[in-house]
Amino acid sequence: MKKRVVAFAGKGGVGKTTSLALFLKYLIEKDSSEILVIDSDPDANVGDVIGKEISFNQTLASKMTELKEKIQNRSLPLDMPKNQIIEGDVFRSLIEMDKFDILEMGRQEGSGCYCFINSVLKNVIDTLSENYDITLLDSPAGLEHFSRKTGRNVTDLIIVTDPSKMGIHTMKRIIELTKEVSLEFENIWIIGNRFPDSLKEALEKEVEEISESNIKLLGFLPDDKTISEYNFLGKNLLELEQDEKVYQKAKEIFRTII
Ligand SMILES: Nc1ncnc2c1ncn2[C@@H]1O[C@H](COP(=O)(O)OP(=O)(O)OP(=O)(O)O)[C@@H](O)[C@H]1O
Ligand SMILES: [Mg+2]
């Protein structure tokens, strides 16, 4: 099987993390492929929806903060290249779950530039995802991520939008930006989350008008009260019942990707 790196993007609060969790559930139940989830949202929340509490010292950011201090105090071993140290830190930050691993980026505390660390990190993450069949990447809301040209090895970009003007606007801006920084994806998939029937056609039209051969409407996920309940009560979305309508629908659309 070809390795896939699937990134979720879109306006804040449109359902990126929820969609990722549904996709993850589908993948876990489908087969035993090696799955990595990278949470690059500094306001960490993949853990929240899959019933896993992740503390700051489990995040890569905490290790990078330590590293930065060591660089500043010149207390690093001189005979070891920094990128090797960072690579080691990344591997030590992997959180092993039953059926998949999580890399929680976390928030980099303190002031000053992490430019060097960030640039090495990008490469390390590309290397890391080569060890897995499928990598799911939860991006922070908005566009800054793309303007920094992260995610060079992403094969599938999923842009989630809700039925709002701003959701659609961000979707379009992301598509424009990926062109501006010449990021190339095999596929860009659009998910319409929580669309009422009356607005589905409008999104279909929007996507048609973009008329790029690699940009397709993946489908719609319904506004679902069980999702609200799970979120409100802090329950694990991976434990949704099989016959739950929203999960049935999720399986149907994600089947197109894998
Ligand atoms: N299909 C749905 N039905 C009901 N509630 C939903 C649905 N999709 C998302 N939600 C709810 O909407 C809220 C935002 O969802 P989610 O956290 O997945 O969005 P996000 O795009 O990841 O947000 P952020 O930009 O903050 O990371 C959550 O409370 C979630 O439970
Ligand atoms: Mg999120």
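Notes on the structure in this doc start here. All values derive from a computational prediction rather than experimental measurement.

1. Examining the pattern of salt bridges
So, point 1. This model, assessed by the stated rule, comprises 13 salt bridges.
So, point 2. Put simply, E186 and K2 hold a salt bridge, and the shortest N to O gap is 3.1 Å. Of this pair, E186 sits in the loop between α7 (165-180) and β7 (187-193) while K2 sits in the segment before β1 (4-9); the two residues are 184 residues apart in sequence, bridging distant segments of the chain.
So, point 3. Under the relative-accessibility criterion, E186 is labelled partly exposed at 38%.
So, point 4. Residue R4 pairs with E186 through a salt bridge whose shortest N-O separation is 2.9 Å. Of this pair, R4 sits in strand β1 while E186 sits in the loop between α7 and β7, and the two are 182 residues apart along the sequence.
So, point 5. Sharing partners across several salt bridges, the network here consists of K2, R4, D156 and E186.

2. Some thoughts on the site of ligand 1
So, point 1. Taken together, 19 residues lie near ligand 1, and K16, T17, T18, P222 and D224 sit nearest.
So, point 2. Take G15: an N or O atom from its main chain is 3.0 Å from an oxygen atom of ligand 1.
So, point 3. Protein chains shield 82% of the accessible area of ligand 1, which is 630 Å² for the free molecule.
So, point 4. Elements with a contribution of two residues or more to the shell around ligand 1: α1 (16-30) and α9 (225-233).
So, point 5. A class-by-class count of the residues in the shell around ligand 1 yields four nonpolar, nine polar and six charged.

3. Concerning the side chain of D224
So, point 1. Among the structural elements, D224 can be located in the loop between β8 (215-221) and α9.
So, point 2. K245 is the oppositely charged side chain nearest to the buried, salt-bridge-free D224, at an N-O distance of 6.1 Å.
So, point 3. Of note is the side chain of D224, whose polar atom sits 3.0 Å from the backbone nitrogen of I227.

4. So, the side chain of T226
So, point 1. Note that T226 resides in helix α9.
So, point 2. Excluding anything up to four places from it in sequence, T226 contacts L240 and E244.

5. Considering the pairing of strand β5 (residues 134-138)
So, point 1. Counting buried positions along β5 yields five of five residues, so the element is predominantly enclosed.
So, point 2. Residues I134, L136 and D138 point to one face of β5 and T135 and L137 to the other, with burial holding for every one of them.
So, point 3. The sheet contact formed by β1 and β5 spans five bridges and is parallel. Residue pairing for β5: A7 is matched across the bridge by L137.
So, point 4. Two elements, strand β2 (residues 35-39) and β5, share five bridges in a ladder whose sense is parallel. Paired with L36 across the strands is T135, a residue of β5.

About the thresholds
Residues numbered from 1 in each chain as written. Chains lettered and ligands numbered in written order. Predicted model: local features only at pLDDT ≥ 70, side-chain atom pairs only at ≥ 80, totals over all residues. Heavy atoms only, no water. Salt bridge = Lys/Arg side-chain N within 4 Å of Asp/Glu carboxyl O. Helix = DSSP H or I, 4+ residues; strand = E, 2+ residues; numbered from the N terminus. Buried < 20%, exposed > 50% of the residue type's maximum accessible area, 1.4 Å probe, protein only. Near = heavy atom within 4 Å. Polar contact = N/O pair within 3.5 Å; in protein donor to acceptor, adjacent residues only side chain to side chain. Areas by Shrake-Rupley, 256 points an atom, 1.4 Å probe, with all protein chains shown as cover. Nonpolar A, V, L, I, M, F, W, Y, C, P; charged D, E, K, R; others polar. Lys, Arg positive; Asp, Glu negative; His and termini not counted. Contact = heavy atoms within 4.5 Å. Pairing = 2+ DSSP bridges.

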